[in-house]
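Fold and geometry: a report
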Amino acid sequence: MAHVSEDDGTTWRRERYHLALGIGYPSSLVLPDGTIVTATTATRLDDLGQHAAEPLHAQVIRWRVPT
C-alpha cells in the first residue's frame with residue numbers, strides 16, 4: 001500500500017494505493033515528470049500470516065497519483 005503526501009510528510013492523503021501483492025520493504029522517489037517509481041520486495045504470507053508462502057521477489061513500479 002502507498003500513501004501520498006504533498007508536503008514532505010506533514011499531512012497525508014486519505015487514499016491508499018495498492019501497488020503490489022504481498023508484504024515487502026518499499027522505497028519511492030518522484031521523477032521530474034511527476035511519476036513515482038517504487039522499488040519493493042514482495043512475498044505473500046501463509047494463511048496464518050506468519051511465514052512466506054512464496055519466494056521473495058523484487059518489483060519496480062512506475063505510477064502516477066490519480067487526479
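As shown above, the structure is provided for reference.
The structure contained in this document is the topic of the report that follows. Treat the numbers as computed from the prediction; the structure is a model and nothing was measured. (Residues numbered from 1 in each chain as written. Predicted model: local features only at pLDDT ≥ 70, side-chain atom pairs only at ≥ 80, totals over all residues. Heavy atoms only, no water.)

Quick word on the overall build of the chain
Within the chain, the secondary structure is distributed over zero helices and three strands. Taken from N to C terminus, the helices and strands of the chain fall in the order β-β-β. Taking 67 residues into account, the globule formula puts the C-alpha radius of gyration at 11 Å, and the chain, at 14 Å, lies well above it. Taking the principal axes of its C-alpha atoms as reference, the chain extends roughly 35 × 20 × 20 Å. Looking at the chain as a whole, 18% of its 67 residues qualify as buried. Taking as baseline every contact in the chain between residues at least 6 positions apart, the subset at least 24 positions apart corresponds to 25%. Counting only carbon and sulfur atoms, one obtains 55% of the accessible surface of the chain, whose full area is about 5400 Å². Distance between charge centroids for the chain: 5 Å, based on 6 positive and 8 negative side chains. (Helix = DSSP H or I, 4+ residues; strand = E, 2+ residues; numbered from the N terminus. Rg over C-alpha atoms; globule rule 2.2 N^0.38 Å. Buried < 20%, exposed > 50% of the residue type's maximum accessible area, 1.4 Å probe, protein only. Contact = heavy atoms within 4.5 Å. Areas by Shrake-Rupley, 256 points an atom, 1.4 Å probe, with all protein chains shown as cover. Lys, Arg positive; Asp, Glu negative; His and termini not counted. Charge placed at Lys NZ, Arg CZ, Asp CG, Glu CD.)

Description of the nonpolar core
In summary, soluble globular proteins display a tendency toward joint burial of nonpolar side chains. Ala-2, Val-4, Tyr-17, Ala-20, Ile-36, Ile-61 and Trp-63 together form the largest nonpolar core, which totals seven residues. In this structure, Ile-36 is in contact with Ser-28, Leu-29, Val-30, Ile-61, Arg-62, Trp-63 and Val-65, ignoring residues within four places of it in sequence. (Core = buried A, V, L, I, M, F, W, Y, C linked by side-chain atoms within 4.5 Å.)

Describing the environment of Asp-47
Looking at the secondary structure, you find Asp-47 in the loop between strand S2 (36-42) and strand S3 (57-63). In this structure, the C-alpha to C-alpha distance between Asp-47 and Leu-21, residues 26 residues apart in sequence, is 14 Å.

Here we look at the pattern of salt bridges
Evaluated as defined, the whole model comprises two salt bridges. For Arg-13, the salt bridge is made with Glu-6, and the minimal N-O distance between the two is 2.6 Å. Looking at Arg-13, the relative accessible area reads 27%, which means it is partly exposed. With a relative accessible area of 63%, Glu-6 lands in the exposed category. (Salt bridge = Lys/Arg side-chain N within 4 Å of Asp/Glu carboxyl O.)

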